[in-house]
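Per-entry structural report
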Amino acid sequence: MDTNQHCCPNCAGQQIALKKMLYYQGTSDHSGSYSGSFGGYISGGHWMGGTQGGGYSGINQTRLASLLSPPRRKSTSLIRVNSILGRIIYGWCYLGIIILVGKISPIISFVVAGIGVFKYLNASRYNTTVYPKLYRQWEKEWFCLSCGSAWTYE
Ligand SMILES: [Zn+2]
């Protein structure tokens with residue numbers, strides 16, 4: 001905790017905040033109740049490009065929130081299936097295709113199955129080893145509303 005804690009290391013601007021705080025503000029509050037102060041931050045900077053009005057609209061909030069959004073987990077399926085039932089059905093379909101193809105060419109079915117297993121294991125490994133680190137990093141990251149740079153104090 002030194003004196004640099006309260007300004008941006010890039011532009012020395014003081015309009016800084018934890019990324020996650022900005023993100024949660026942007027995603028939970030779409031009515032723009034803090035439009036006054038926040039609009040000032042945005043219009044003072046150049047990081048978003050384009051024209052900036054005085055207000056802080058819902059669209060801009062969403063855009064800011066998506067810019068600051070946390071890292072995402074990788075889907076452990078070849079396609080994005082959100083429900084557990086969907087994953088089971090998809091799994092059975094996938095297995096069905098492999099069996100079907102296997103009747104024509106066992107080698108192709110082996111390759112298709114191999115790719116599926118590889119992708120699944122790769123995504124699982126990412127979610128259990130890489131993702132938690134990225135997420136912890138994101139939680140600690142600060143963001144400058146003047147120049148758009150991000151950093152951590154470590
Ligand atoms: Zn800055």
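A brief look at the structure comes next. (Residues numbered from 1 in each chain as written. Predicted model: local features only at pLDDT ≥ 70, side-chain atom pairs only at ≥ 80, totals over all residues.)

Next up on the list: the nonpolar core. Cys8, Ile16, Leu22, Tyr23, Leu64, Leu68, Phe143, Cys144 and Leu145 together form the largest nonpolar core, which totals nine residues. Broken down by secondary-structure element, the contributors of at least two residues to this core are helix H1 (19-28) and strand S2 (142-144). In this structure Cys144 touches Cys8, Asn10, Cys11, Gly13, Gln15, Ile16 and Ser149, once residues within four positions along its chain are discounted. (Core = buried A, V, L, I, M, F, W, Y, C linked by C-beta atoms within 7 Å. Buried ≥ 20, exposed ≤ 12 C-beta atoms within 10 Å, placed from the backbone. Helix = DSSP H or I, 4+ residues; strand = E, 2+ residues; numbered from the N terminus. Contact = placed C-beta atoms within 7 Å.)

Time to look at the environment of Leu68. Residue position: Leu68 is located in the loop between helix H3 (58-67) and helix H4 (84-104). You can call Leu68 buried: it has 22 C-beta atoms within 10 Å. On a C-alpha basis, the gap between Leu68 and Glu141 in space is 9.8 Å, while along the polypeptide they are 73 residues apart. Setting aside residues no more than four positions away along its own chain, Leu68 makes contact with Lys19, Leu22, Tyr23, Gly26 and Phe143.

Turning to the packing of H4 against helix H5 (residues 106-140), a few remarks are in order. Between H4 and H5, the shortest axis-to-axis distance is 7 Å and the interhelical angle comes to 155°. Between H4 and H5, the crossing angle belongs to the class labelled roughly antiparallel. Side by side, H4 and H5 meet where Tyr94, Ile98, Val101 and Gly102 of the first sit next to Pro106, Ile108, Ser109, Val112, Ala113 and Gly116 of the second. Looking at the contact of H4 with H5, its residues break down into seven nonpolar, three polar and no charged. (Axes fitted to C-alpha atoms, helices over the stretch in contact; angles between N-to-C directions. Parallel < 35°, antiparallel > 145°, perpendicular 65-115°, else oblique. Nonpolar A, V, L, I, M, F, W, Y, C, P; charged D, E, K, R; others polar.)

A few words now on the sheet that holds strand S3 (residues 150-151). Read from one edge to the other, the open sheet built from three strands follows the order S1-S2-S3, with strand pairing classed as antiparallel. Each edge of the sheet is formed by a strand with only one pairing partner; in this case those strands are strand S1 (16-18) and S3. Of the strand pairs in this sheet, S1 and S2 are connected by three bridges, and their pairing is antiparallel. For Leu18, the partnering residue across the bridge sits in S2 and is Trp142. (Pairing = 2+ DSSP bridges.)

Another aspect to go through is unusual backbone geometry. If you check the backbone angles, Ala12 has positive phi at about 65° while not being a glycine. If you trace the backbone, Ala12 turns up in the segment before S1. Taking the number of C-beta atoms within 10 Å as the measure of exposure, Ala12 has 11 and is therefore exposed.

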